[in-house]
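Commentary on secondary and tertiary structure
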Amino acid sequence: MNLEYSFLCKKGMKRSKNQDSYFVPSKAHNTSEKGMLFAIADGVGGYAAGDVASSICCEMLGRDFYAESEIDSIPHWLNDEIIKINSRILEMGKQEETKRLATTVVSLLIKDELAYLNNVGDSRIYRYKKDKLCQVTEDHSVVWEYYIRNIITKDEIIESRNKHLLTEAIGLNRYPRINSYFLALPREFCFLLCSDGLTDVVTDGQIENVMQEYFEDLDKCTKKLYKLAIENGSRDDVTIIIVRNKN
């Protein structure tokens, strides 16, 4: 594979702390054998330590995955790891100084020509293929349920006053509902991971237009997406990861 990626994570104007966290592999990780793992976590707004929850989530996921000596089933391991992270955050939430922790999480593992995707909450993964953008993950949110029931359109999610109401997150329940997917990968592929700081104000069509125009320069593409979020009025933290393999 000729894998390349670009990312950014910027604090918004809503809060004094950035409640987004991310994980991308480094040279210290055994990516040749284990694969390439990427993740974004977005601390739930209104909770006292959302930044702590998102940080724990990404740190544990990346650390534990690359420290694991042998994984028999990647889908089962990822599912179990998210439950383990959830238990850790629930336990920390019992402490007074870190009361009420919760976070979303979305992860992408690329290994052996397969992509393994997981999400809890409304952070998203899109697939960009043949100049078209398609959301792969499904949000755990009230407005997403409106959307799949044809009550509102996808673009109308942005305008809804209920768009921040989650139906699931890490740190809320003992056993979170985890969306899991896996895809066979062609020689060329591209994925976009992002927190809702982007998608709360930018439509899929607008993201697609930026991807089409700046696809050859991933760093410029991530920066243009962030700039568009700010121009569209985002006050939230914004985290974006673009992963691409070119033949």
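Residues numbered from 1 in each chain as written. Predicted model: local features only at pLDDT ≥ 70, side-chain atom pairs only at ≥ 80, totals over all residues. Heavy atoms only, no water.

**Brief notes about the overall build of the protein**
Of the regular secondary structure elements, the protein holds seven helices and ten strands. The C-alpha radius of gyration computed for the protein amounts to 17 Å, which stays within 12% of the reference 18 Å derived for 247 residues, consistent with globular compactness. Based on the C-alpha atoms only, the size of the protein along its principal axes is roughly 50 × 45 × 35 Å. For the protein, the residues scored as buried account for 55% of the 247 residues in total. Considering only contacts within the protein whose residues lie at least 6 apart along the sequence, 70% involve residues at least 24 apart. A total of about 12100 Å² of accessible surface is found on the protein, and carbon and sulfur atoms cover 46% of it. Separation between the mean location of the 33 positive side-chain charges and that of the 38 negative ones in the protein comes to 3 Å. (Helix = DSSP H or I, 4+ residues; strand = E, 2+ residues; numbered from the N terminus. Rg over C-alpha atoms; globule rule 2.2 N^0.38 Å. Buried < 20%, exposed > 50% of the residue type's maximum accessible area, 1.4 Å probe, protein only. Contact = heavy atoms within 4.5 Å. Areas by Shrake-Rupley, 256 points an atom, 1.4 Å probe, with all protein chains shown as cover. Lys, Arg positive; Asp, Glu negative; His and termini not counted. Charge placed at Lys NZ, Arg CZ, Asp CG, Glu CD.)

**A word on the packing of aromatic side chains**
A complete count under the given rule lists nine aromatic pairs for this structure. A centroid spacing of 6.3 Å and a plane angle of 25 degrees characterise the contact between tyrosine 5 and phenylalanine 7, whose relative ring orientation is stacked. Ring centres of phenylalanine 65 and tyrosine 66 lie 5.0 Å apart, and the angle between their planes is 80 degrees; this geometry places the pair in the edge-to-face category. Pairwise contacts between aromatic rings join Tyr5, Phe7, Tyr22 and Phe38 into one cluster. (Phe/Tyr/Trp six-rings, centres within 6.5 Å; stacked < 30°, edge-to-face > 60°.)

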